[in-house]
Amino acid sequence: PRLQHPVTAGPVPMTSLRQALRSFVRMPPGAASASKAHSQRLECRLPCIAQTVRPASVAASISHANSPPSAGLRSRLFASQRLGKRHTTGSYRSGYGSKDGLWAACIVPALCMASSITAASCQNAEDEALLTGTEDKYGGVIVNLADEPAPRNDFDKQLYLSLQKFKGEGKRGVWLKIPLALVEAVPVAARHSFKFHHAEPDYVMMVRWLPETESTIPPNASTYVGIGAFVVNDQNEVLVVQERTGPAKGRGWKLPTGLIEQGEEIWLGAEREVLEETGVKARFEGLVAIRQAHFQVLGKSDLFFVCLLKAESKEITLCEKEIEDAKWMPLSEALELPIYKKGSIYHQMNELCLAALKDESMLIKSRSAPLGFRPGHQTYYAASKS
């Protein structure tokens, strides 16, 4: 096993280490090539954090240099002492011929080298532009790489040092938003134990839970929200369409349906879908029913809100990308459409829409109210008589 540099994760420069070792043990020039090959085989990676190697620990190691080290550490630093016996002078063999003597000759410059690297590494850490991000409401931090300073050395080091900072600050979850232009940061983040959370057309969100406890980070959004629009005009006709694409293609006439967009209110989405698909302007009256289904699109759940709307215009203008045809149909015929088999969930919801036309108290109305504990208003839905 190798001791890994905890800041750069790279090997200590072997040229500097060889020079220090040669200077201390007085290796003759003839041993240079063998020493180089030996050092390359070792590729010793020294820990270089101030908490690991301090000047005081170096002094203590010098005073105890003749004490045998652990076999594992000695083997990592010096795989064989045969090199010294084969290429050194007689005075070297007589002074450092034992295992412990060779250790004493080599550990001092190694520790001194580590001490100097520690100071340089700490200075580099201070010079590095760390990630800052913004705090979320749950003790975590959200880092958008598009808003962060570019790393002065490399992103791997910048991310490592930033995670150490976040841990020291007691942060919990670290959200890393990586824009499409910086997608090369994804494999680097993965090496630091970040996982995919969700993706949008222009970015991917990765996340890492820092504490040694079970993660409380919520999963990606689990539910789609859709609407079905029961649009009635003043001639007691219902607006129906034929889909050009999707699962209802080729299945005849049906009510207009669609998905609510991100940040869109249900009532507003219902009015928008009707206008986009048919060109008919309609006013939301209320909710009639809610259907929940699971393992739908991409394995997600689906909430489907059946909305009653009153038409404010009658002329139809098709959205030809989505709709094959549209028309106004008498109420009695709309309830008997083949796609809505009698007794099915959709047939029952359509019957509820017809009943709500006669008794508006059945409708669930949309209302807006201030939040109270912070600025802003939100929409909620409640029964008409509440």
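First, a word on scope: everything that follows refers to the structure included in this document.

Basis of the calculations
Residue numbering note: each chain is counted from 1, following its sequence as written. Only residues with pLDDT of at least 70 are given local features in this predicted model, and only at 80 or more are side-chain atom pairs given and counted; all residues enter the totals for whole chains, interfaces and linings. As a convention, hydrogens and water are excluded, and side-chain values are obtained from all of the structure's heavy atoms. Each helix is a run of H or I in the DSSP string that is no shorter than four residues. Each strand is a run of E no shorter than two, and both are numbered from the N terminus. Only protein chains enter the area calculation, which uses a 1.4 Å probe; residues under 20% of their type maximum are buried, those over 50% are exposed, and those in between are partly exposed. Note on contacts: a residue pair is in contact if any heavy atoms of the two residues lie within 4.5 Å. For the area figures, the Shrake-Rupley method with a 1.4 Å probe applies, and any residue is considered shielded solely by the protein chains shown. Here a strand pair is declared whenever DSSP counts at least two bridges between the two strands. Any Lys or Arg side-chain nitrogen found within 4 Å of a carboxyl oxygen on Asp or Glu counts as a salt bridge. Of the two site types, the cavity is a set of points on a 1 Å grid over the protein atoms alone where a 1.4 Å probe fits but cannot get out, and the pocket is an open set with protein on both sides within 12 Å along at least five of seven lines, each lined by residues with an atom within 4 Å of a point. Grid points are joined across faces, edges and corners, and a volume is the space filled by probe spheres set on the points.

## Observations regarding the overall build of the chain
Working step 1: Helix and strand content of the chain: twelve helices and 13 strands.
Working step 2: The buried share among the 386 residues of the chain stands at 40%.
Working step 3: Contacts spanning at least 24 positions in sequence make up 65% of the contacts within the chain whose residues lie at least 6 apart.
Working step 4: Carbon and sulfur atoms form 55% of the exposed surface of the chain, whose accessible area is close to 21,700 Å².

## Topic: the sheet that holds strand E1 (residues 134-135)
Working step 1: If you walk across this open sheet you meet the five strands as E1-E2-E3-E5-E4, and the pairing is mixed. What marks the edges here is a single partner per strand, and that holds for E1 and strand E4 (195-200).
Working step 2: In terms of strand pairing, E4 meets strand E5 (residues 203-209) through five bridges, oriented antiparallel. Residue pairing in the sheet places Glu200 in a bridge with Tyr203 of E5.

## Considerations on the pattern of salt bridges
Working step 1: Under the criterion given, the structure shown has 14 salt bridges.
Working step 2: Here Lys254 makes a salt bridge to Glu243, at a shortest N to O gap of 2.9 Å. Note that Lys254 is positioned in the loop between strand E7 (237-243) and strand E8 (257-259) and Glu243 in strand E7, a separation of eleven residues in sequence.
Working step 3: Residue Glu243 is classed as buried on the basis of its relative accessible area of 12%.
Working step 4: Notably, a salt bridge pairs Lys365 with Glu285, separated by 4.0 Å at the nearest N-O pair. Note that Lys365 is positioned in strand E12 (residues 364-370) and Glu285 in strand E9 (residues 282-293), a separation of 80 residues in sequence.
Working step 5: Look at Lys365 and you get partly exposed, because its relative accessible area is 22%.
Working step 6: If you follow the salt bridges from partner to partner, you end up with Glu261, Glu264, Arg272, Glu273 and Glu276 in one network.

## Regarding the layout of surface pockets
Working step 1: In this structure, the largest pocket encloses a volume near 930 Å³.
Working step 2: Elements with a minimum of two residues in the lining of the largest pocket: strand E6 (223-232), E8, helix H10 (266-278), strand E10 (301-311) and helix H12 (345-358).
Working step 3: With four residues, the top contributor of residues to the lining of the largest pocket is E6.
Working step 4: In this model, the second largest pocket occupies a volume close to 620 Å³.
Working step 5: Residue assignment for the lining of the second largest pocket shows that the elements contributing at least two residues are E4 and E6.

## Remarks on the environment of Ser193
Working step 1: Mapped onto the secondary structure, Ser193 falls in the loop between helix H9 (185-191) and E4.
Working step 2: We classify Ser193 as partly exposed; its relative accessible area is 41%.
Working step 3: In this structure, Ser193 is in contact with Val207 and Arg208, ignoring residues within four places of it in sequence.

## Things to note about the side chain of Asn144
Working step 1: Counting through the fold element by element, Asn144 comes out in strand E2 (residues 141-144).
Working step 2: Its relative accessible area of 19% is what places Asn144 among the buried residues.
Working step 3: Ignoring any residue separated from it by four or fewer positions in sequence, one finds Asn144 in contact with Lys177 and Pro179.

## Regarding the pairing of strand E13 (residues 377-383)
Working step 1: By the bridge criterion, seven bridges tie E12 to E13 in an arrangement that is antiparallel. Residue pairing for E13: Ala369 is matched across the bridge by Gln378.
Working step 2: The antiparallel pairing of E12 with E13 creates a hairpin that spans six residues between the two strands, and Gly372 there sits at a positive phi of about 95°.

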